[in-house]
Amino acid sequence: MPDGPLSGVVIAFDIDNTLLDPTGEGYRRTVTDTLAQIDLGLSPAQAFAAFEESRANGDALERLGFANPIHDRAHPDGLAALCLTTCANRSFVTELRIGTDESEPAAALLSELAELHRRTRGGPVDSRLAAEIELRGRLREDGVARLRNVIQRLAAHAKVAAWSEAYREAAKRQPVPDHRPLFERLEQRGATPIVITEGRTTIQRAKVERLGLTDILEGRVLITETVAHVPGRAELDHRIRSMIDKYGGDAHTNDQLLSLWTYRCLMNEWSRKTPAFYATCLHAIQCHMNRPEAALADSLYLLAENWLPLRFVMIGDRYDSDVEPLIDLLGRDTGMTVRLQAGKYGHRHPLDDLPVDRRPRKTFTEWDALAQFLTDELSMEQVVPITSPPEIVPRLEVFEDPVALDRQGGPQDVRRFMRAIATIPRPSQGD
Ligand SMILES: [Mg+2]
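Rules behind the numbers
- Residues numbered from 1 in each chain as written.
- Predicted model: local features only at pLDDT ≥ 70, side-chain atom pairs only at ≥ 80, totals over all residues.
- Axes fitted to C-alpha atoms, helices over the stretch in contact; angles between N-to-C directions.
- Helix = DSSP H or I, 4+ residues; strand = E, 2+ residues; numbered from the N terminus.
- Left-handed = near helix turned anticlockwise from the far one by under 90°.
- Contact = placed C-beta atoms within 7 Å.
- Nonpolar A, V, L, I, M, F, W, Y, C, P; charged D, E, K, R; others polar.
- Buried ≥ 20, exposed ≤ 12 C-beta atoms within 10 Å, placed from the backbone.
- Pairing = 2+ DSSP bridges.
- pLDDT = per-residue confidence, 0-100.
- Expected span 1.5 Å × (residues − 1).
- Arc of directions from axis to C-beta.
- Right-handed = clockwise from strand over helix to strand, strands pointing away.
- Core = buried A, V, L, I, M, F, W, Y, C linked by C-beta atoms within 7 Å.
- Domains from an automatic or database assignment.

1. Focus: the packing of helix 4 (residues 76-86) against helix 9 (residues 158-173)
Contact geometry of helix 4 with helix 9 gives a least axis separation of 9 Å together with a crossing angle of 115°. As for the relative orientation of helix 4 and helix 9, their crossing is right-handed in sense. Along its contact with helix 4, which presents P76, L79, A80 and C83, the element helix 9 presents V160, A161, W163 and S164. Residues belonging to the contact of helix 4 with helix 9 are distributed by class as follows: 7 nonpolar, 1 polar and no charged.

Now the structure itself:
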């Protein structure tokens with residue numbers, strides 16, 4: 001471990017609106033430039049709002065089998081849905097062959113499906129299951145099949161593909177900050193800089209590459225999708241879907257299904273920046289401080305043995321995903337949370353609205369001041385070590401042998417599974 005004033009301190013950075021685009025201006029310019037080309041027939045402000053609203057329904061698109069614009073903002077699928085639901089440019093509507101009576105029902109249906117999906121992700125586990133059963137029923141309706149066909153047709157249109165390319169080009173034009181001097185300075189001071197980010201693995205890794213930090217961060221990029229990727233998950237999803245389809249309206253009364261669904265809810269806790277996700281990251285860091293990714297890849301249970309005091313700093317722009325879950329997990333005074341209160345989410349959770357014991361330990365409104373704090377002021381004494389292992393949801397294998405599952409498919413798997421989930425805590429009751 002290198003000597004220095006930050007010896008042994010792990011400093012984790014969020015990516016979006018922290019390392020990349022801290023003011024949020026790059027995103028706004030990318031969207032505005034692209035929408036100017038698309039010309040939805042709306043004012044720039046209306047078009048921007050429509051784009052954001054369309055992204056907010058991204059989970060509904062994913063449930064229909066399309067790319068999710070929450071993760072891939074430039075994908076033709078998302079742009080196709082945007083045009084279908086909001087286009088007021090009559091010449092485009094004609095050119096894209098969007099029926100005059102298609103727009104409003106499509107928008108309403110996508111909102112309904114998105115709301116149903118939200119209900120599968122929050123609240124008591126049995127209510128989430130009831131919402132999932134209802135959603136699967138809706139996905140089989142004729143109206144949904146028609147919606148799927150229209151989006152598919154629009155996404156394949158040459159014009160939509162060109163807009164997608166225009167978005168990617170506009171994104172490339174946005175300036176990328178050079179963080180190498182900061183990261184090298186932190187390493188010289190003895191710290192271990194890492195990244196903890198939410199989203200799709202390929203997309204987040206591309207951002208690290210764009211930042212020019214791939215080599216410095218090798219083995220140190222922790223991504224929600226990677227953490228939530230548990231062997232057997234696809235088989236579990238398949239089993240849940242077939243049980244819902246088999247039992248129909250009575251599915252919610254099936255104990256086996258509820259058990260499987262409970263474990264599925266636990267997995268979802270790792271796919272966002274929740275306390276359970278951070279607990280897993282901290283165990284991974286404890287196992288391999290310099291290469292925590294290796295711990296995620298190797299360990300089935302990911303429980304660090306012989307816990308040693310760990311000094312951990314988290315830096316990010318969002319209170320609800322970069323600060324609050326860590327306060328929930330560790331308390332405010334253990335480790336350190338540093339918020340960059342700027343950019344897209346800067347107006348949310350103003351400091352004065354938060355009780356003192358729920359505030360980030362440090363708040364900055366400008367990146368440069370935050371970076372200077374890290375290089376000139378931060379010392380290991382300011383970071384109270386985590387002295388006992390955070391409570392963790394064990395990362396159980398869902399099924400030991402997916403091939404055997406297909407062959408046998410019997411209740412034995414479910415029994416083993418139920419025994420396993422009986423030993424682990426239930427997920428939190430809300431998002
Ligand atoms: Mg962020």
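2. Quick notes on the environment of A170
By secondary structure assignment, the location of A170 is in helix 9. Overall, the presence of 20 C-beta atoms within 10 Å leaves A170 in the buried class. In this structure, the C-alpha to C-alpha distance between A170 and G26, residues 144 residues apart in sequence, is 9.2 Å. With residues near it in sequence (within four places) discarded, A170 still touches T30, D33 and T34.

3. Let's talk about helix 17 (residues 319-330)
Taken as a whole, helix 17 has its buried residues at Y319, S321, D322, V323, P325, L326, I327 and L330. Close packing links the buried residues of helix 17 with helix 15 (275-287), strand 4 (311-316) and strand 5 (336-340). G331 sits one or two residues past helix 17 and shows a positive phi near 85°.

4. Topic: the environment of R318
Along the chain, the position of R318 falls in the loop between strand 4 and helix 17. Along the chain, R318 and G346 lie 28 residues apart, while their C-alpha atoms are 7.6 Å from each other.

5. Quick word on the sheet that holds strand 2 (residues 192-197)
The parallel open sheet is built from 6 strands, whose spatial order is 3-2-1-4-5-6. The open sheet has two free edges, formed respectively by strand 3 (221-223) and strand 6 (362-364), since each of these has just one partner strand. On average, each strand axis in the sheet is tilted by 20° relative to the strand beside it, whichever way the strands run. With 5 bridges connecting them, strand 1 (residues 9-13) and strand 4 associate as parallel partners. Bridge pairing in strand 4 places V10 opposite F312.

6. Focus on the confidence of the model for the protein chain
Mean pLDDT over the protein chain works out to 87, with 89% of the residues at or above the 70 mark. Throughout residues 397-415 the model reports pLDDT below 50, and contacts reaching past four residues in sequence, or to other chains, amount to 18 contacts.

7. Let's talk about helix 13 (residues 233-247)
For helix 13, which comprises 15 residues, the first-to-last C-alpha distance of 21 Å matches the rise-based estimate of 21 Å (1.5 Å per residue) to within 8%. The set of residues buried in helix 13 consists of L236, R239 and I244. Buried residues along helix 13 cover an arc of 130° about the axis, so they all sit on one side. Along helix 13, exposed side chains directed more than 90 degrees from the buried face belong to R241, S242 and K246. Looking at the packing, one finds that the buried side of helix 13 touches helix 7 (125-139) and helix 14 (255-270). Positive phi shows up at G248, right after helix 13, with a value of about 55°.

8. Details of the pairing of strand 5
In terms of burial, strand 5 is a largely internal element, 5 of the 5 residues being buried. Where burial is concerned, the two faces of strand 5 agree: the one with M336, V338 and L340 and the one with T337 and R339 are both buried. With respect to chirality, the unit in which strand 4 leads through helix 17 into the neighbouring parallel strand 5 is right-handed. Relative to strand 6, strand 5 runs parallel, the two sharing 3 bridges. Residue pairing for strand 6: L340 is matched across the bridge by F364.

9. Quick look at the nonpolar core
Side chains that are nonpolar tend, in soluble globular proteins, to be buried together. Core analysis: the biggest nonpolar cluster contains 64 residues, and I11, A12, V195, L222 and V313 have the highest contact counts within it. Domain assignment of the residues forming this core places at least three in each of domain 1 (9-22 + 177-229 + 272-382) and domain 3 (233-269 + 399-421). Excluding residues within four positions of it along the chain, V195 makes contact with A12, F13, I15, V208, L217, R220, V221 and L222. Core analysis: the second largest hydrophobic core is formed by 31 residues, L35, L82, L84 and L113 among them.

10. What to know about unusual backbone geometry
Negative phi values dominate among residues other than glycine, just as trans dominates among peptide bonds. One non-glycine residue, D39, lies in positive phi territory at about 55°. Inspection of the secondary structure assignment puts D39 in the loop between helix 1 (25-38) and helix 2 (44-56). Here R97, not a glycine, exhibits a phi torsion of approximately 55°, which is positive. Assignment of secondary structure puts R97 in the loop between helix 5 (90-95) and helix 6 (103-121). With 11 C-beta atoms counted inside 10 Å, the residue R97 sits in the exposed group.

11. Some thoughts on the pairing of strand 4
In terms of residue burial, strand 4 counts as a mostly covered element, since 6 of its 6 residues are buried. On strand 4, burial covers both faces: R311, V313 and I315 on one face and F312, M314 and G316 on the other are all buried.

12. A few points about the environment of T18
With respect to the element layout, T18 can be found in the loop between strand 1 and helix 1. Contacts of T18, omitting those with residues within four sequence positions, involve F13, I315, G316, D317 and L340.

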